[in-house]
Every structure is written in C-alpha cells, then in structure tokens.
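# Tertiary structure, described
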Amino acid sequence: MSGDSDCTRTSPSAGSPSDNEFLPDRPKYVCSLSPDLVTKAREELQEKPEWRLRDVQALRDMVCKDYPSLGTCLDDAFLLRFLRARKFDYDRALQLLVNYHTCRRSWPEVFNNLKPSAIKPVLESGFVTVLPHLDPEGRHVVCIRPDRWTPSNYPITENIRAIYLTLEKLIQSEETQVNGIVILADYKGVSLSKASHFGPFVAKKVIGILQDGFPIRIKAVNIINEPRIFKGIFAIIKPFLKEKIANRFFLHGCDLNSLHQNIPPVILPEEYGGTAGKLDTSAWNELLLASEEDFLHEFSQLVLPCDSSPHDVLVSGDADEKQCDDSLRGMKPQLYYCY
C-alpha cells in the first residue's frame, strides 16, 4: 500500500463514507502488555493507556500532513513503536519514523531483498543470535560474535542485514518496545584485517540507524574479550555516539565477574561463565526463518515513493563516503598502533 492511499483513508475530508466503504480497515490494536508493564510504560515512557490511540492518531495526522509521500505503514501497532521509542514526544517520534525510512533508502546494499532466507549463511555461522532467557529487567540479550564471520565468504553488510532483521523481529513485541534490549558482543579473535572492514563509513551508517533510525531502546552494550585492537575500533565508533549511548558501553575484557554484574550468570551460556547450558543458535535461527512471510508482508507496506524529495534524505551517500574515507585514512595508523 502506498503512503498516499494510507493518508487519504485517514483524512477526515477524504471522500464520503460510500467512497471508502470497500477499503480494508486497519488492524484493531489490542494491548498485550501486562499490568506491570502498563505501569512501567506510563512511568518511563509517558504512555497513558487512555490517550494511547489519540496519540497514535496525532502521529498519523502529522505524517499525512508533513510527509504524505513517505510510503509508510500507518497501523496503530506500527506507529506505537516510534512513539514509545521517543517517550510519546510527537515531533521526535515523527523524526524517528522519517529517519527509519531514509536510512533504508540510503543503503540499498543492506535493505534490498531484506528477508531472513537471504541472510541464512550469517545465521548459520552464529554471528548473531538472541539468548533464550530474558534478563531481570525483562530484556532480550542480543549476542554478536564477530569471530564467527569469514570476510571471504560474504561482505560485512550481510552481518548488518542479519542484525537489522533480528532487531525487527524483537521490536514486534510490545514487551521489548517498553523494556528495550541488551547487547552482548564477544570480540574474541577479532584481527586487524577483520576490524578494517568496519571503517568510519560503515560505523556512521550503523550508529545512525541504531541511534536515530530504528525504534528500539538499547539499554546496555556489554563488550567481552575485546583485544587491544578494540581501542581503535571504539575510536572509530565513539565520535558518532551520543553521550547517553556512549555511557551504556561496558568493556569487560576477559573479566567474567565484571560481565556478571551486568548480565546474571543464570541467563548466560557456559561460554560466558553462565549456567544456562551451551550457546545454541538454532532456536533463534528457526524462529527468524519462520517469520519470512511476516517480514514480506510488513516490508511490503514500506513503499519507496517515486517522488521522494532531497530534504527527506538523512544521509547523503557520496559526501559521507568521501568524508569517512578521509577519516579512515587517519584512523588506520591508530588501528595498527593498538594492534
């Protein structure tokens, strides 16, 4: 469906009832949050159940007025993701929604043909998975293991695609929308040659998506087994991080006791000093691959309009690439020094 048709249907002045009687109704939103999470959403996200649908309609109206050709899904449940991610601030939620789309348009290597079956080799490698148990705050733990990637097999963008689809699957849950997620990144065995694939251009794109272009709350990033080279990697990443996000990075080195202060052993696999058995990626892989039709349906509602205007674009690829290439030349000596 197109953004224009969506906005036409929601506009109070768009035709008579008889004109619209054959158009399908939007899915009716039914809240799945527990009473405790409703309270948490009220206290932390400024979400008031009695005003929820009014707030969604307000955001929908803003999209139709300011970005009629955005080509976005306007269902209640979809728009709620953006409101929750920005604590029901209409303007910030609208900007996040626009960024979500412009990020997708500005990086075709990542977002073209984006579906679970297309990134099956990455899933089978174990590069990214989600631990089976929630942490005490009700948050999923996304586990990323760069050492599982062999650069000669496929480019780094395939890893980014796998991470993105993982986040898309997680954010379908209202519980995740409220609680957020935790990231556990194991940098064991990451070499200089592998780190060089993650230059400033890729770093800025990824950070731009996670900070300003995706409706998810990243509550902590735990780095384990980071080699000396990670100092260089983090030097590339940090300039693009907002202070709030930078403060949520925890570097544990090889100190599992330090990791356990942030993520309890009871939900961690044995590989990280936990008691939850061996790390098994198959369950998450099967869940994600089984969601193929859901993704095809959801992404089919995100239409790339033919008349998108320049001011909608969040990042200008050519200019950014040149700037980041210049930055990379300056960073490489630091990478070698840290290694």
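Thresholds applied
- Residues numbered from 1 in each chain as written.
- Predicted model: local features only at pLDDT ≥ 70, side-chain atom pairs only at ≥ 80, totals over all residues.
- Heavy atoms only, no water.
- Pairing = 2+ DSSP bridges.
- Helix = DSSP H or I, 4+ residues; strand = E, 2+ residues; numbered from the N terminus.
- Axes fitted to C-alpha atoms, helices over the stretch in contact; angles between N-to-C directions.
- Contact = heavy atoms within 4.5 Å.
- Salt bridge = Lys/Arg side-chain N within 4 Å of Asp/Glu carboxyl O.
- Buried < 20%, exposed > 50% of the residue type's maximum accessible area, 1.4 Å probe, protein only.
- pLDDT = per-residue confidence, 0-100.
- Parallel < 35°, antiparallel > 145°, perpendicular 65-115°, else oblique.
- Left-handed = near helix turned anticlockwise from the far one by under 90°.
- Nonpolar A, V, L, I, M, F, W, Y, C, P; charged D, E, K, R; others polar.

Strand order across the open sheet formed by five strands is β1-β2-β3-β4-β5, with mixed pairing between neighbours. Looking at the sheet topology across the chains shown, the edges are occupied by β1 (128-130) and β5 (249-251). Sheet twist, expressed as the mean angle between neighbouring strand axes with direction ignored, is 20 degrees. In this structure, β1 lies alongside strand β2 (residues 140-144), joined through three bridges in antiparallel fashion. If you follow Val128 over to β2, its bridge partner there is Ile144. Sitting on the sheet, helix α9 (residues 156-171) touches β1, β2 and β3 (181-186), and the angle it makes with β1 is about 15 degrees.

For the rest of this paragraph, the subject is the side chain of His252. Within the fold, His252 resides in the loop between β5 and α15 (256-262). Look past the residues within four positions of His252 in its chain and what remains in contact with it is Asn222, Ile223, Ile224, Glu226, Ser258, Leu259 and Asn262.

Applying the stated criterion across every chain yields a total of 14 salt bridges. Of the charged contacts in the structure, one is a salt bridge between Asp135 and Arg139, with a shortest N-O distance of 2.8 Å. Comparing Asp135 with Arg139, the two get one shared label, buried. Glu158 is the partner of Arg161 in a salt bridge, and the nearest nitrogen-oxygen pair spans 3.2 Å. Taken together, the positions of Arg161 and Glu158, both in helix α9 and three residues apart, correspond to about one turn of that helix.

To continue, consider the confidence of the model for the protein chain. Fine structural detail should not be taken from predicted coordinates in areas where pLDDT scores are low. On average, residues of the protein chain score 85 in pLDDT, and 81% of them are at 70 or above. Residue range residues 1-5 is modelled with pLDDT below 50. Its contacts to residues more than four positions away, or to other chains, number eleven contacts. With pLDDT under 50 throughout, residues 305-339 is counted as low confidence; its partners more than four residues away or in other chains account for 46 contacts.

Extensive coverage of strand β4 (residues 218-224) is indicated by the burial of six of its seven residues. As paired strands, β3 and β4 are joined by six bridges and run parallel to one another. The residue of β4 that forms the bridge with Ala185 is Ile223. Bridging between β4 and β5 involves three bridges; their strand directions are parallel. What sits directly across from Ile223, in β5, is Leu251.

This paragraph deals with the packing of helix α4 (residues 52-66) against helix α6 (residues 90-106). Their axes nearest at 10 Å, the elements α4 and α6 cross at an angle of 55 degrees. By the angle between their axes, α4 is oblique relative to α6. As α4 packs across α6, the resulting crossing turns out to be right-handed. For the pair α4 and α6, contact is made by Arg54, Asp55, Ala58, Leu59, Met62, Val63 and Asp66 and by Tyr90, Asp91, Ala93, Leu94 and Leu97, respectively. For the contact of α4 with α6, the class distribution of residues is eight nonpolar, no polar and four charged.

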